[in-house]
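# Tertiary structure, described
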Amino acid sequence: MDYNQLLQAAIEARKAAYIPYSHFGVGAALQDATGHVHHGCNVENAAYGPTNCAERTALFRAIADGCAPHSFTALAVVGDTEEPIAPCGVCRQVILELCAPDMPVVLGNMKGDMKVVTVSELLPHGFSPEHVNKA
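Right, let's walk through the structure included here. Because the structure is predicted, anything quoted here is derived from the model rather than measured.

## Details of the packing of helix α2 (residues 54-64) against helix α3 (residues 89-98)
Geometry of a packed helix pair, given as the angle between the helix axes and the separation of the axes. One can describe the packing of α2 onto α3 by two numbers: an axis separation of 9 Å at closest approach and a directional angle of 30 degrees. Viewed along their axes, α2 and α3 adopt a mutual orientation that is roughly parallel. By crossing handedness, the relation of α2 to α3 is classed as left-handed. Residue-level inspection shows Glu55, Arg56, Leu59, Phe60 and Ile63 of α2 in contact with α3, the latter providing Val90, Cys91, Val94, Ile95 and Leu98.

## Topic: the environment of Val94
Within the secondary structure layout, Val94 lies in helix α3. As a C-alpha pair, Val94 and Ala54 span 40 residues in sequence and 12 Å in three-dimensional space. Apart from residues lying up to four places away in sequence, Val94 is in contact with Arg56, Leu59 and Phe60.

## Regarding the state of the cysteines
Per the counting criterion, the structure on display carries zero disulfides. Cys41 forms no disulfide, and the closest cysteine sulfur to it belongs to Cys53, at a distance of 11 Å. Not engaged in a disulfide, the cysteine Cys88 finds its nearest cysteine sulfur in Cys91; these two sulfurs lie 3.7 Å apart. Of the residues examined, Cys88 reaches a relative accessible area of 33% and is grouped as partly exposed.

## With respect to the side chain of Gln31
The residue Gln31 is located in strand β1 (residues 26-32) in this model. Discounting chain neighbours no more than four positions away, the residues touching Gln31 are Met1, Leu6, His36, Val37, Phe72, Thr73 and Ala74.

Calculation rules
Residues numbered from 1 in each chain as written. Predicted model: local features only at pLDDT ≥ 70, side-chain atom pairs only at ≥ 80, totals over all residues. Heavy atoms only, no water. Axes fitted to C-alpha atoms, helices over the stretch in contact; angles between N-to-C directions. Helix = DSSP H or I, 4+ residues; strand = E, 2+ residues; numbered from the N terminus. Parallel < 35°, antiparallel > 145°, perpendicular 65-115°, else oblique. Left-handed = near helix turned anticlockwise from the far one by under 90°. Contact = heavy atoms within 4.5 Å. Disulfide = S-S within 2.5 Å. Buried < 20%, exposed > 50% of the residue type's maximum accessible area, 1.4 Å probe, protein only.

Laid out in structure tokens, this is it:
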């Protein structure tokens, strides 16, 4: 699957967003090693803290469906923003934990703008499992 197709899958996933408070929908599409795409959308909560972002929804869904961490080949995220959207800090940490450092992350918007970065570029000098395992 090319990056444009993955971005289109994220746009489709965005349609399922539950966003009664912010009205700001985000979609994510995560491709696994078999080529299957796991969709994610943001799901809000009145307490805000329990809200889950699209990127984490896609990753957690894939893990719950039996995918192994670090078995993913690409992630796309899209929002209705002027520039290509980027994951929040919490999502960057989860992406760092569950994806390979060199995995492509496609940042996009509803206008079709796209920027491709790696997991390492999203969170340089991140706190990784290797830090915990050294203790």
